[in-house]
Amino acid sequence: MNKRITFLLLVFALVLSLAACSNKTDESDSSKGGNTSKDEQSDAGQQEDSKETGVKNDLTIGLTMDEFEEAFNANAERRKLPVTIKEYEWQESDDTRTASIQLDKDVLLSVIEMPKNKEIKAIKLELEGIEAPREDANVLIETVIESVQPELNDEEKQRIMDEVYPLKEETSEAFERTNRESYWEDFHYILRYEQSNWYEFIVANREDT
């Protein structure tokens, strides 16, 4: 009888021991699962951050050529400008391609695109020739600005224009060149100006050197 009681106690103790081991294993697995979930959340967060800063990382201005063309033509029509983006061909290079659009005989618009994501890297507006007066440059520059940043109000656009526009006072050197810049959010606006008859206005990502 005593042997039987002793045997039952040993079996009971063994069952309790096995149950305790099982609980520890479950807790360990649960802990590992929790860590994996945190790692996955961290990876997802990093991917989301990468998406949010994609424009900066890719050094683009966040527009496709189709989007810019539609916006520019609409703004040019609203301003009653006799220029539109129509037919153009892409010239391929290493990591970019460039479309050159002759808006007028003295006005050339160049768009540099990143073929991988179809986004624009930079836009360059050139006015050449003595027949391209400053007033024409002014309205064309404003049209480009409002086409890449349509959310800007009149005051904000004017601030950019005041910062990049050539000095009001004429210099004695007709071929003296002036470089002026303005930064707004992720955008970098640059104006290279030669007093005689030449303007080059560039829009790029502010991180793009």
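Residues numbered from 1 in each chain as written. Predicted model: local features only at pLDDT ≥ 70, side-chain atom pairs only at ≥ 80, totals over all residues. Heavy atoms only, no water.

With that settled, the discussion passes to the overall build of the protein. Of regular secondary structure, the protein possesses five helices and seven strands. In sequence order, the protein lays out its α and β elements as α-α-α-β-β-β-β-α-α-β-β-β. Burial status across the protein gives 35% buried among its 209 residues. Expressed as a percentage of contacts within the protein between residues at least 6 apart in sequence, the contacts between residues at least 24 apart total 44%. (Helix = DSSP H or I, 4+ residues; strand = E, 2+ residues; numbered from the N terminus. Buried < 20%, exposed > 50% of the residue type's maximum accessible area, 1.4 Å probe, protein only. Contact = heavy atoms within 4.5 Å.)

Right, let's talk about helix α3 (residues 65-78) for a bit. Taking 1.5 Å per residue, 14 residues should reach 20 Å; α3 reaches 20 Å between its end C-alpha atoms and fits that length. By the burial criterion, the buried members of α3 are M65, F68, E69, F72, N73, N75 and A76. Each buried residue of α3 sits inside an arc of 165° when the element is viewed along its axis, so together they form one side. Across α3 from its buried face, at more than 90 degrees, point the exposed residues D66, E70, E77 and R78. (Expected span 1.5 Å × (residues − 1). Arc of directions from axis to C-beta.)

Once that is clear, we can look at helix α5 (residues 154-164). By the burial criterion, the buried members of α5 are K157, I160, M161 and V164. The buried residues of α5 occupy an angular sector of 100° when projected down its axis, which confines them to one face. Its side-chain oxygen placed 3.1 Å from the backbone nitrogen of E155, N153 serves as the N-cap of α5. (Polar contact = N/O pair within 3.5 Å; in protein donor to acceptor, adjacent residues only side chain to side chain.)

Per the counting criterion, the structure on display carries 13 salt bridges. Between D208 and K121 there is a salt bridge, with its nearest N and O atoms 2.7 Å apart. With a gap of 87 residues between them, D208 in the segment after β7 (198-205) and K121 in strand β4 (residues 119-127) connect regions that are remote in the sequence. Between E126 and K124 there is a salt bridge whose closest N-O contact spans 3.8 Å. Looking at E126, the relative accessible area reads 11%, which means it is buried. Here the residues in one salt-bridge network are R78, R79, E142, E146, D154 and K157, joined through shared partners. (Salt bridge = Lys/Arg side-chain N within 4 Å of Asp/Glu carboxyl O.)

It is worth spelling out the nonpolar core at this point. Of all hydrophobic cores here, the largest spans 39 residues; its most connected members are F68, L103, I123, L125, V148, Y189 and F201. Every residue in contact with L103, bar those within four places of it in the chain, is listed here: F72, V83, T84, I85, L109 and L125. (Core = buried A, V, L, I, M, F, W, Y, C linked by side-chain atoms within 4.5 Å.)

To continue, consider the pairing of strand β3 (residues 107-114). Taken across its eight residues, β3 has six buried, putting it largely inside the fold. As defined by bridge partners, β3 adjoins β4 across eight bridges and the pair is classed as antiparallel. Note that in β4 the partner of L108 across the bridge is E126. Turn length for the β3-β4 hairpin, with the two strands adjacent in sequence and antiparallel, is four residues, and the turn residue K118 shows positive phi of about 65°. (Pairing = 2+ DSSP bridges.)

For the protein, mean pLDDT is 76; residues scoring 70 or higher make up 62% of the total. Throughout residues 28-40 the model reports pLDDT below 50, and contacts reaching past four residues in sequence, or to other chains, amount to zero contacts. Counting interchain partners and residues more than four positions distant, the pLDDT-below-50 stretch residues 42-56 has eight contacts. (pLDDT = per-residue confidence, 0-100.)

With phi around 60°, K80 is a residue other than glycine that occupies positive phi space. One can find K80 in the loop between α3 and β1 (90-92). Its identity is not glycine, yet K118 carries a phi of approximately 65°, on the positive side. As for its position among the elements, K118 is in the loop between β3 and β4. Among the residues examined, K118 registers a relative accessible area of 42% and is labelled partly exposed.

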